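What follows is each chain in one-letter form.
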Amino acid sequence: MSTPLWPARLHHLRRDSANPERLARFYGDLLDDRVEELPNGEWLVQGHGRRLIAGSGAGGTVPYFALALRDAAQLASYGAALERLGVARERSPSPLFAEGAFAVTDPDGRRVVFGLPLRVSGVQSRLAGRLQHFVCASARVPELLAFYRDILGARESDRVLENEEVAAVFLRSDPEHHSFATFRAPESRPDHHSYETGSWNAIRDWGDHMAKLRIPLWWGPGRHGPGNNLFFMIEDPDGHKVEFSAELEIMSEDAPFRTWPHEPRTLNLWGSAWMRS
Ligand SMILES: [Fe+2]
């Protein structure tokens, strides 16, 4: 059966900092993107296929991420589907979505926003990388899985198991392997967000760009088991990780999930891994 969430794509997220302007300028340099202050005091970093809002708040936090639906009809039917499930909907906190957008709160207290992007003038970027997924670490992975899969309607693509316990789960809302994932950890926190760059050569170009900025790679390059994507990660000034990815797996809406063992090779087929638990 089809899910009313399908298709939805990560459109933007908000990253908070004690100094949002500094954070925004870091991302502006990192991505070679335009930085502007919004009338409400937030900062927008925008490039082709990617937008990040830097706000004032606790360093390293991500108070919400926002998924764009296909059109007004899908947004209305998705809202009605959540209504039938008794899900409380709040006003969208995002300045980048048109009237009619709404937010829900997940079991970790993070908001997920659904809406339609306001029309913006075409922004070009020197380096290609569409904002593609957001990942959190959580002390409540089973609750998050139940919420995102059974309430929000995401499809489960892969799960990582340790002694029957879910150590990580990857969920998709369109044919791309995951737009959201969560890793088991002692404390709930944001983990990383990712830009899908299009090719291995683009990963090379991003790596050369990091070299010019004197930003060391934090993990990778490597290839993830779940998603089969090539990647490397760097850290932003608050320790939040930023991933550059390519070749992310494509799956049909009805493809069943697979399972992986909880071991370093699952997280990096090429070698060493960042184990969150
Ligand atoms: Fe990722």
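No experiment lies behind these values; they were computed from the predicted model shown.

Okay, the overall build of the chain next. Tallying secondary structure elements over the chain gives 5 helices and 17 strands in all. Relative to its length of 277 residues, the chain is compact, with a C-alpha radius of gyration of 18 Å against a globular reference of 19 Å. Counting every position in the chain, which comprises 277 residues, the buried fraction comes to 55%. Put simply, 68% of the contacts in the chain that link residues at least 6 apart link residues at least 24 apart.

On to the coordination of the iron ion. Coordination of the iron ion by the protein involves H133 (NE2), H192 (NE2) and E243 (OE), with metal-donor separations of 2.0 to 2.1 Å. Counting residues between consecutive donors of the iron ion along the chain gives the motif H-x58-H-x50-E. Of this pair, H133 sits in strand β9 (residues 130-138) while H192 sits in strand β13 (residues 189-196), and the two are 59 residues apart along the sequence.

Right, let's get into the side chain of R159. Here R159 shows up in strand β10 (residues 155-162). If near-sequence neighbours (up to four positions away) are discounted, R159 is found in contact with L145, R149, V166, A168, V169, F257, R258, T259 and W260.

Our focus in this paragraph is the confidence of the model for the chain. Of all residues in the chain, 100% have pLDDT values of 70 or greater, and the mean over the chain is 97. Confidence, read as mean pLDDT per element, is least for helix α5 (residues 264-267) in the chain (95) and greatest for strand β8 (residues 111-115) (99).

Another aspect to go through is the sheet that holds strand β17 (residues 258-261). Ordered by their spatial adjacency, 9 strands build an open sheet running β14-β15-β16-β13-β9-β12-β11-β10-β17, and the pairing between neighbours is mixed. Single-partner strands in this sheet number two, and they are β14 (219-223) and β17. Geometrically, the sheet is characterised by an average inter-axis angle of 20 degrees between neighbouring strands, direction not taken into account. Sheet topology places β14 next to strand β15 (residues 230-235); 3 bridges connect them, and they run antiparallel. Among the inter-strand pairings, G222 is bridged to a residue of β15, identified as F231. Running at roughly 25 degrees to strand β11 (residues 165-172), helix α3 (residues 141-151) makes contact with β9, β10, β11 and β12 (180-184) of the sheet.

Below, the discussion takes up the pairing of strand β7 (residues 102-105). As judged from the 2 bridges shared by strand β6 (residues 90-91) and β7, these two strands associate in the antiparallel manner. Each residue of the ladder has a partner; that of E90, found in β7, is A103. Pairing geometry for β7 and β8, over 4 bridges, is antiparallel. Looking across to β8, one finds that F102 is bridged to F114. As consecutive antiparallel partners, β7 and β8 are separated by 5 residues, and within that stretch G109 has a phi angle of approximately 90 degrees, a positive value.

Looking now at the pattern of salt bridges. By the definition in use, this model includes 28 salt bridges. For R89, the salt bridge identified is with E83, shortest N-O distance 2.4 Å. In this structure, R189 and D191 form a salt bridge, with 3.6 Å as the shortest nitrogen-oxygen distance. With a relative accessible area of 2%, D191 lands in the buried category.

Here we take up helix α4 (residues 200-213). The end-to-end C-alpha distance of α4 is 20 Å, a good match for the 20 Å that 14 residues give at a rise of 1.5 Å each. Of the positions making up α4, those classed as buried are A202, I203, W206, H209 and M210. Projection of α4 onto a plane perpendicular to its axis shows the buried side chains occupying an angular sector of 115 degrees, all on one side. Opposite the buried face of α4, at more than 90 degrees from it, the exposed residues are A211 and K212. On the buried face of α4, the contacting elements are α1 (20-31), β4 (50-56), β15 and β16 (241-246). Once α4 ends, the next one or two residues include R214, with phi positive near 60 degrees.

Take the nonpolar core next. Counting residues in each nonpolar core, the largest one holds 53 residues, and the members touching the most others are Y27, L30, F65, F114, Y148, I234 and F244. For this core, the element with the highest residue contribution is α1, accounting for 6 residues. With residues up to four places along the chain from it excluded, the contact list for Y27 reads R15, D32, V45, L52, H193, Y195, D236, H240 and V242. If you look at the next biggest cluster of nonpolar residues, it comprises 12 residues, including A167, F170, F183 and L267.

The subject of this paragraph is the sheet that holds β6. Read across the sheet, 8 strands follow the order β2-β3-β4-β1-β5-β8-β7-β6 without closing on themselves; strand pairing throughout is mixed. Whereas interior strands pair on both sides, the edge strands pair on one side only; in this sheet they are β2 (34-37) and β6. As paired strands, β2 and strand β3 (residues 43-47) are joined by 4 bridges and run antiparallel to one another. Each bridged residue has a counterpart across the sheet, and for E36 the counterpart in β3 is L44.

Cut-offs applied
- Residues numbered from 1 in each chain as written.
- Predicted model: local features only at pLDDT ≥ 70, side-chain atom pairs only at ≥ 80, totals over all residues.
- Heavy atoms only, no water.
- Helix = DSSP H or I, 4+ residues; strand = E, 2+ residues; numbered from the N terminus.
- Rg over C-alpha atoms; globule rule 2.2 N^0.38 Å.
- Buried < 20%, exposed > 50% of the residue type's maximum accessible area, 1.4 Å probe, protein only.
- Contact = heavy atoms within 4.5 Å.
- Donors = N, O, S within 2.8 Å, 3.2 Å for Na, K, Ca; no water.
- pLDDT = per-residue confidence, 0-100.
- Pairing = 2+ DSSP bridges.
- Axes fitted to C-alpha atoms, helices over the stretch in contact; angles between N-to-C directions.
- Salt bridge = Lys/Arg side-chain N within 4 Å of Asp/Glu carboxyl O.
- Expected span 1.5 Å × (residues − 1).
- Arc of directions from axis to C-beta.
- Core = buried A, V, L, I, M, F, W, Y, C linked by side-chain atoms within 4.5 Å.

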